[in-house]
Amino acid sequence: MTSEQMMQRAVTLAQSVLSATPNPRVGCVLAHDDRIVGEGYHVRAGEAHAEVNAIRDAGDEARGATAYVTLEPCSHTGKTPPCVDALIAAGIAKVVYGSEDPNPKVAGQGLQKLREASIEVEGPVLEKQCRQINRGFIKRMTQGMPWVSCKMAMSLDGRTAMASGESKWITGADARADVQRMRASHCAVVTGVNTILSDDPGLNVREEELPEEFRALYTGRQPLRVILDSALRTPPDSRLIGLPGQTVFLTRQPHQQQKDRFAGVDVDIHELPSTPANRLDLAVAMAFLAEKYQCNEVMLEAGPTLSGAAIQAGIVDEVVIYIGPRFLGSDALPLFHLPGIQRMQDHIALHLSDMRMIGEDFCISARIKSV
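Conventions adopted
- Residues numbered from 1 in each chain as written.
- Predicted model: local features only at pLDDT ≥ 70, side-chain atom pairs only at ≥ 80, totals over all residues.
- Heavy atoms only, no water.
- Helix = DSSP H or I, 4+ residues; strand = E, 2+ residues; numbered from the N terminus.
- Rg over C-alpha atoms; globule rule 2.2 N^0.38 Å.
- Buried < 20%, exposed > 50% of the residue type's maximum accessible area, 1.4 Å probe, protein only.
- Salt bridge = Lys/Arg side-chain N within 4 Å of Asp/Glu carboxyl O.
- Contact = heavy atoms within 4.5 Å.
- Polar contact = N/O pair within 3.5 Å; in protein donor to acceptor, adjacent residues only side chain to side chain.
- Phe/Tyr/Trp six-rings, centres within 6.5 Å; stacked < 30°, edge-to-face > 60°.
- Lys NZ or Arg CZ within 6 Å of the ring centre and 35° of its normal.
- 1 Å grid on protein atoms, 1.4 Å probe; cavity = no way out; pocket = protein on both sides within 12 Å on 5 of 7 lines; lining within 4 Å.
- Points joined across faces, edges and corners; volume = space filled by probe spheres on them.
- Nonpolar A, V, L, I, M, F, W, Y, C, P; charged D, E, K, R; others polar.
- UniProt positions renumbered as here; feature names shortened; annotations may be inferred.
- Patch = residues over 30% accessible without salt bridge, like charges linked within 9 Å, V, L, I, M, F, W, Y side chains within 5 Å.
- Areas by Shrake-Rupley, 256 points an atom, 1.4 Å probe, with all protein chains shown as cover.
- Pairing = 2+ DSSP bridges.
- Axes fitted to C-alpha atoms, helices over the stretch in contact; angles between N-to-C directions.

A.B. asks: Account for the overall build of the protein chain, with residues named and values stated.
C.D. replies: Across its full length, the protein chain carries twelve helices and 16 strands. For 371 residues, the compact-globule formula gives about 21 Å, and the C-alpha radius of gyration of the protein chain, at 22 Å, lands near that figure. Reported as C-alpha extents along the three principal axes, the dimensions of the protein chain are approximately 65 × 45 × 45 Å. Within the protein chain, buried positions represent 50% of all 371 residues.

Encoded structure:
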């Protein structure tokens, strides 16, 4: 087997990880020529990394093997010891890596330490695929921002809800199950106060609704639930506050009386700078989530106003749109509120990255071209 074929197996292992937040997703394969002797991937922060799990899986056969790992082995001590030390101690003869680690604490130092230990190093191999797995981690490490996916559901005529606000259900059960998968694979789910007031959502992962093939991969971790609420209008008895997991409010200098409403309620409230229009600065909010909570991937689940504002603020990397085969009519609510686009040349360009059927619905993923 070629290095590319072995690395593809390591990529598949890494892709089986829904989220290792705040760590990257990593897969590792150990082999003697064409014979795989050990495999591993990193399940969650604080537990063994992919390389260590692969070494354990291989046992004595790790000695003299070639390690194929999707990300440069770490060279610093965090919650676990450096992976390069484990590879050296196991007697690994060669390391083939997929992409370099953008973490300044590593950034080539892991590869250098392997070479200094007389271990042959080859790579990058399948770099594009390996970077895709960790696009959020890479963006946080290089830009101080998370990867933001804006999820929406619409009818075939581009509507998200009736004029009354009624929206259950535009898409079918299979598409809604895929949304649970998305939540499980993101560090945080972000919405606005208007969605809380109108829908009282949970924004949690409901394990029983996950697609069957992902239930065994789910670790039980709930994504951070983040509400953008500039005036702190969210009712303290909102459904999502009482659910397992952590709830965070990002606001702008609310009155003391508003903050007192949350006395004794288990939530985090952070006051952030506002824009000249006295609104929360969305870019500042995303940077805060990256720094304070080490969020790699953020999922935006909001209405047309906040979602449109996020796109126009330049913080959205991709849109994921689920399309139900139905018409809601011209009086129904639009997908995005995007004011100011008057001429064709002012359009927001997208690059379609994925299109697939999910049950009776359709799902489109598209990158914002300016990103």
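A.B. asks: Outline the pattern of salt bridges, supporting the account with residue identities and numerical values.
C.D. replies: Close approach of charged atoms allows side chains with opposite charge to pair. Considering all chains together, one arrives at 16 salt bridges under this definition. The salt bridge partner of Asp178 is Arg181, with a shortest N-O separation of 2.8 Å. Of this pair, Asp178 and Arg181 both sit in helix α7 (residues 173-184), three residues apart, roughly one helical turn. Between Arg183 and Glu301 there is a salt bridge, with the nearest N and O atoms lying 2.7 Å from each other. You can see Arg183 sitting in helix α7 and its partner Glu301 sitting in the loop between β12 (297-300) and α12 (304-312), a full 118 residues away along the chain.

A.B. asks: Lay out the environment of Asp354 with the relevant residues and their values.
C.D. replies: In this fold, Asp354 is placed in strand β15 (residues 350-358). Sequence separation between Asp354 and Ser365 is eleven residues; the distance between their C-alpha atoms is 5.0 Å. Those residues in contact with Asp354, other than ones at most four positions away along the chain, are Cys363, Ile364 and Ser365. A distance of 3.0 Å separates the side chain of Asp354 from the side chain of Arg356, its partner in a polar contact.

A.B. asks: Let's hear about the packing of aromatic side chains: which residues, and what values?
C.D. replies: Counted under the stated rule, the structure contains two aromatic pairs. When the ring of Phe288 is compared with that of Tyr293, the centres are 6.3 Å apart and the planes differ by 75 degrees; the resulting orientation is edge-to-face. What makes Tyr293 buried here is its relative accessible area of 17%. Across from the ring centre of Trp169, 4.2 Å away, lies the NZ or CZ of Arg176, which sits over that ring.

A.B. asks: So, empty space enclosed by the protein: which residues are in play, and what are the values?
C.D. replies: Going through the model one piece at a time under the given rule, you end up with two cavities of 30 Å³ or more. Empty space within the largest cavity amounts to approximately 60 Å³. Looking at the largest cavity, the residues that line it are Val148, Val190, Leu228, Leu282, Met286, Val298, Leu300, Leu306, Ala310 and Ile315. Split by residue class, the lining of the largest cavity holds ten nonpolar, no polar and no charged. Estimates place the volume of the second largest cavity at around 40 Å³. Contributing to the lining of the second largest cavity are Ser19, Ala20, Thr21, Asn23, Pro24, Arg25, Asn134, Asn296 and Glu297. Each residue belonging to the lining of the second largest cavity can be placed in one class, and the counts come to two nonpolar, five polar and two charged.

A.B. asks: Pulling in residues and values, what's your account of the UniProt feature "active site" (unreviewed entry) in the protein chain?
C.D. replies: Taking the UniProt record as the reference, the feature "active site" (unreviewed entry) is found at Glu51. Residue position: Glu51 is located in helix α2 (residues 50-58). Filtering out sequence-adjacent residues up to four positions away, Glu51 remains in contact with Cys28, Val69, Leu71, Pro73, Cys83 and Leu87.

A.B. asks: How would you explain a nonpolar patch on the surface if you had to name every residue and give the values?
C.D. replies: Together, Ile341, Ile348 and Leu350 make up an exposed nonpolar region whose accessible area comes to about 210 Å². Among the secondary structure elements, Leu350 is positioned in strand β15. By relative accessible area, which is 42% here, Leu350 ends up partly exposed.

A.B. asks: Explain the sheet that holds strand β5 (residues 120-122) to me, and be specific about the residues and the numbers.
C.D. replies: Pairing within the open sheet is mixed, and its five strands lie in the order β2-β1-β3-β4-β5. Because the sheet does not close on itself, it has two edges, and the strands there are β2 (35-41) and β5. Strand after strand, the sheet turns through a mean of 20 degrees between neighbouring axes, direction not considered. When strand β1 (residues 27-32) meets strand β3 (residues 66-71), the two strands line up antiparallel, connected through four bridges. Note that in β3 the partner of Leu30 across the bridge is Ala67. Each of β1, β2 and β3 is contacted by α2, which is oriented at about 140 degrees to β2, the strand it contacts most.

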